[in-house]
Amino acid sequence: MAYHPPTCLVLERVALLVSGPHVHVLNPNTGDLLQSTTTFADDAADKLQKSGPVRCIAVDADGVHIATTGDDKKLKVWSLADGLQLVSERELPKKPTEVSFTRDGQTIVISDKFGDVFSYPLHPESLPASTSETVGASRRGSLTSHENPSNGTLILGHASMLTTFLLSPDERYIITADRDEHIRVSWYPQGYAIERYCLGHEKFVSALHIPSFQPSTLISGGGDPMLKVWDWMSGKLLANITVFPAVEPYIKVKAPKRRRGSDGDGDGDGDGGEQKKGKGRRHRGKGKEKGKEEPREGSADVEQVEGAAAPKANETQEDSPIPDATAQKTSSGDARANSAAPEEVVVFVVHKISSADRGEHGRFIIFNAVGATALFYTPLPAEGIADASVHAVDFDVPVIDFTVGPKGDVWVLLDAQWSGAQSSSSSEKPQFVRMLTWDGATLSESRTGDVPLLASLNAKCIVSATAEDLKTLDLYSDLSSMPKNVDPEHDPLIRDTLSEAAAIDPETDGKELTQRELGRLRKKKALLAKIQEKEQQKRGASEVAETESGRAVKRTRSESGDADGKEKEKEKGVMSEDVEMK
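Definitions and limits used
- Residues numbered from 1 in each chain as written.
- Predicted model: local features only at pLDDT ≥ 70, side-chain atom pairs only at ≥ 80, totals over all residues.
- Heavy atoms only, no water.
- UniProt positions renumbered as here; feature names shortened; annotations may be inferred.
- Helix = DSSP H or I, 4+ residues; strand = E, 2+ residues; numbered from the N terminus.
- Buried < 20%, exposed > 50% of the residue type's maximum accessible area, 1.4 Å probe, protein only.
- Contact = heavy atoms within 4.5 Å.
- Areas by Shrake-Rupley, 256 points an atom, 1.4 Å probe, with all protein chains shown as cover.
- Polar contact = N/O pair within 3.5 Å; in protein donor to acceptor, adjacent residues only side chain to side chain.
- Pairing = 2+ DSSP bridges.
- Axes fitted to C-alpha atoms, helices over the stretch in contact; angles between N-to-C directions.
- Salt bridge = Lys/Arg side-chain N within 4 Å of Asp/Glu carboxyl O.
- Phe/Tyr/Trp six-rings, centres within 6.5 Å; stacked < 30°, edge-to-face > 60°.

Labelled according to an unreviewed UniProt entry, the chain appears under the name WD40 repeat-like protein, originating from Lentinus brumalis. UniProt annotates the chain under Sequence similarities (unreviewed entry) with the comment "Belongs to the WD repeat TRM82 family." The annotation that UniProt attaches to the chain under Subcellular location (unreviewed entry) is "Nucleus".

Chemist: Explain the overall build of the chain to me, and be specific about the residues and the numbers.
Modeler: For the chain, the count of helices and strands is eleven helices and 30 strands. Counting only residues that meet the buried cut, the chain has 43% of its 582 residues in that class. Sequence-distant contacts, at least 24 apart, represent 54% of the contacts inside the chain between residues at least 6 apart. Entry remark: accessible area of the chain is about 31,800 Å², with carbon and sulfur atoms responsible for 48%.

Chemist: Go over the environment of D104, please, and point to the residues and values.
Modeler: Residue placement: D104 occurs in the loop between β9 (96-101) and β10 (107-112). Overall, D104 belongs to the exposed group, its relative accessible area being 52%. Taking the C-alpha atoms as reference points, D104 and A61, 43 residues apart in sequence, are found 7.4 Å from one another. Among the polar contacts listed, one links the side chain of D104 to the side chain of T102, at a separation of 2.6 Å. Of the polar contacts made by the side chain of D104, one reaches the backbone nitrogen of Q106; its length is 3.0 Å.

Chemist: Talk me through the sheet that holds strand β6 (residues 65-70); I want residue IDs and the actual numbers.
Modeler: Strands belonging to one sheet form pairs held by backbone hydrogen bonds; the direction of such a pair is parallel or antiparallel. Judged by pairing direction, the sheet is antiparallel, and its four strands sit side by side in the order β5-β6-β7-β8 without closing on themselves. In this open sheet, the two edge strands, each paired with only one partner strand, are β5 (54-59) and β8 (85-91). Along the sheet, successive strands turn relative to each other by an average axial angle of 20°, direction set aside.

Chemist: Any details on helix α6 (residues 452-459)? Residues and values, ideally.
Modeler: Those residues of α6 lying buried are L453, L454, S456, L457 and N458. The inward-facing, buried residues of α6 abut β1 (6-11), β2 (15-19), β3 (22-26), β28 (410-414) and β29 (433-439).

Chemist: I'd like a rundown of the sheet that holds strand β25 (residues 374-379), residues and numbers included.
Modeler: As summarised here, the arrangement of the four strands in space is β23-β24-β25-β26, forming an open sheet in which the pairing is antiparallel. Each having just a single partner strand, β23 (350-357) and β26 (391-394) make up the two edges of the open sheet. Mean inter-strand twist for the sheet, computed between neighbouring axes without regard to direction, equals 25°. Sheet topology places strand β24 (residues 363-369) next to β25; four bridges connect them, and they run antiparallel.

Chemist: Tell me what's going on with the UniProt feature "repeat: WD" (unreviewed entry) in the chain, and back it up with residues and numbers.
Modeler: Within this numbering scheme, the UniProt entry marks residues 54-88 and 198-240 as carrying the feature "repeat: WD" (unreviewed entry). From the first C-alpha to the last, residues 54-88 spans 16 Å; its make-up is 0% helix and 63% strand.

Chemist: Please provide a residue-by-residue account of the environment of I366, values included.
Modeler: Summarising the element assignment, I366 is placed in strand β24. Each C-alpha atom, one on I366 and one on T378, is 6.7 Å from the other, the two residues being twelve residues apart in sequence. Other than its neighbours up to four places away in sequence, I366 contacts K352, I353, S354, S355, A356, L375, F376, Y377, F402, V404, V410 and W438.

Chemist: An account of the environment of V463 is needed here, citing residue identities and associated values.
Modeler: Looking at the element boundaries, V463 is found in the loop between α6 and α7 (467-473). With a relative accessible area of 11%, V463 lands in the buried category. In this structure, the C-alpha to C-alpha distance between V463 and Y3, residues 460 residues apart in sequence, is 5.5 Å. Leaving out residues up to four positions away in the same chain, V463 has contacts with Y3, H4, S19, H22, H24 and T38.

Chemist: An account of the side chain of D112 is needed here, citing residue identities and associated values.
Modeler: With respect to the helices, strands and loops of the structure, D112 is situated in strand β10. Apart from residues lying up to four places away in sequence, D112 is in contact with P93, K94, K95, P96, T97, F118 and L162.

Chemist: Requested: an account of the pattern of salt bridges, with residues and values cited.
Modeler: Under the criterion given, the structure shown has eight salt bridges. Residue R55 is joined to D71 by a salt bridge in which the shortest nitrogen-to-oxygen separation is 2.9 Å. Residue R55 is located in strand β5, and its partner D71 is located in the loop between β6 and β7 (74-79); the two are separated by 16 residues in the primary sequence. When its relative accessible area of 30% is taken as the criterion, D71 is described as partly exposed.

Chemist: Pulling in residues and values, what's your account of unusual backbone geometry?
Modeler: Cis rather than trans, the peptide bond between Y188 and P189 has omega equal to 5°. You will see that E171, though not glycine, has its phi angle at about 60°, which is positive. One can find E171 in the loop between β13 (162-167) and β14 (173-178). Positive phi, normally seen in glycine, also occurs at D396, with a value near 70°.

Chemist: Talk me through the packing of aromatic side chains; I want residue IDs and the actual numbers.
Modeler: As enumerated under the stated definition, the model contains nine aromatic pairs in all. Between Y173 and W232, the ring centres sit 5.8 Å apart and the planes meet at 70°, which makes this aromatic pair edge-to-face. In this pair, Y173 sits in strand β14 while W232 sits in the loop between β19 (226-231) and β20 (236-242), placing the two residues 59 residues apart along the sequence. In this structure Y173 comes out as buried when scored by relative accessible area, which is 9%. By relative accessible area, W232 is classed as buried at 5%. Taken together, a centroid distance of 5.6 Å and an interplanar angle of 80° make the contact between Y377 and W438 edge-to-face. One end of the pair, Y377, is in strand β25; the other, W438, is in strand β29, with 61 residues separating them in the sequence.

As structure tokens, then:
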């Protein structure tokens, strides 16, 4: 039976666990399950299921209110004062990437994929605009910038997808990161006043962290092979910690290889840098002899040519084996099957960064990577130190998320039913949550079984899921969406915008749009139609390839069967001749 893997754990005055669309509230000391959305009535449960998985969650300092967001682009505020009750629900302009409460608990700050950061009051204000005007503004959100259907206050905006943000401990500044390698330090709430940039990343930035014991320090990570330590107020880079060589062996979930035409941003995970030839005068006529192109170095064609041309060291050209026809047909069938299967590559994405102060044993950075089966930790280096040793705690299944508890214990959330894991007994319930404890400067899995909260998380918060639910959850989407790609088929921001534009009908909704917005709408609909046409062609090509590979295998089997039959007939003939001679 399949279950929703937990995706987020918050340990404050209460313990909050997110699994799919559901939220569980537990007592962190006794492990008692206080409230859960799984106990909702049928109507509320159906609505919750249709809203999709919870992507972001935050709890205020008093543990009274919870804010959740998801793919349905709704900001939901829940109250814990009298059970788990939905207090308000507001529409967001774009899909959110991060949510946070201010210290007083009266303001909710949210970043989105469009690159904007908005603030919302805890309780929604009454909208002076009419309902029709509000709906119209919402439908124009995919065609205009900074539109907000819930009257959120715009704090700042980036020109790229905003991946994460955090408020400084004194809440005078907001630090934001985007997919274009930028880290920006701005005033809060006057986000238009930019204080500083922390520049040095060459790829996307996906994780930020300010240690509570060292509030002047910022740790950042993303697609670069190192973590960076900053003095964020001055923008000075204090240290680089090379982590990718230690992480790479544990990355078990791979990303599909990009097709030609993707922007070669140096990920090393696809053809990337290869660009299509232009149609200008300089390139005129250069593509006429495509069939006579020489194979590129390192490609499969080169390997095949070199393997056929070069004999082994201990044999001459005459001694090299000659493949028979059956083997050649089998290899051609295998080649078709391999070409139909998608290629996968390693992509490095830092998911989360945290820290722990171990006193005399040192201070440590803790982090995990998307698709990696281990949790990693390394000493926080002093200024000027280039590298430090990186340690790993392996779980054999991908680490989804982790949380550092108040006592320094590390709670790790796992994809315990990952398809690539070694098969275990179906009668045993998977252990989605594990706990690590410190022994001096070493982090290892806790061997003490008497942890009530851990037992409750693995027993009382298990929610069944269908295959469609797990597909919607898409735990490893960051492997494809974080690396920059100019192809709109892979860019999440462009796809979200196009899907919103597709829901607008120019005939019925055209009165609410300006001429410029109508022009943008037509262009986006045309681009969406091209993407859908390419996807249909791709599916058709893969189906044809699978059919041809199946036919080739059947043909090979039949031919091998005929050859075996002929050999058996020959053997029978020889045996009969021997009998007659005798």
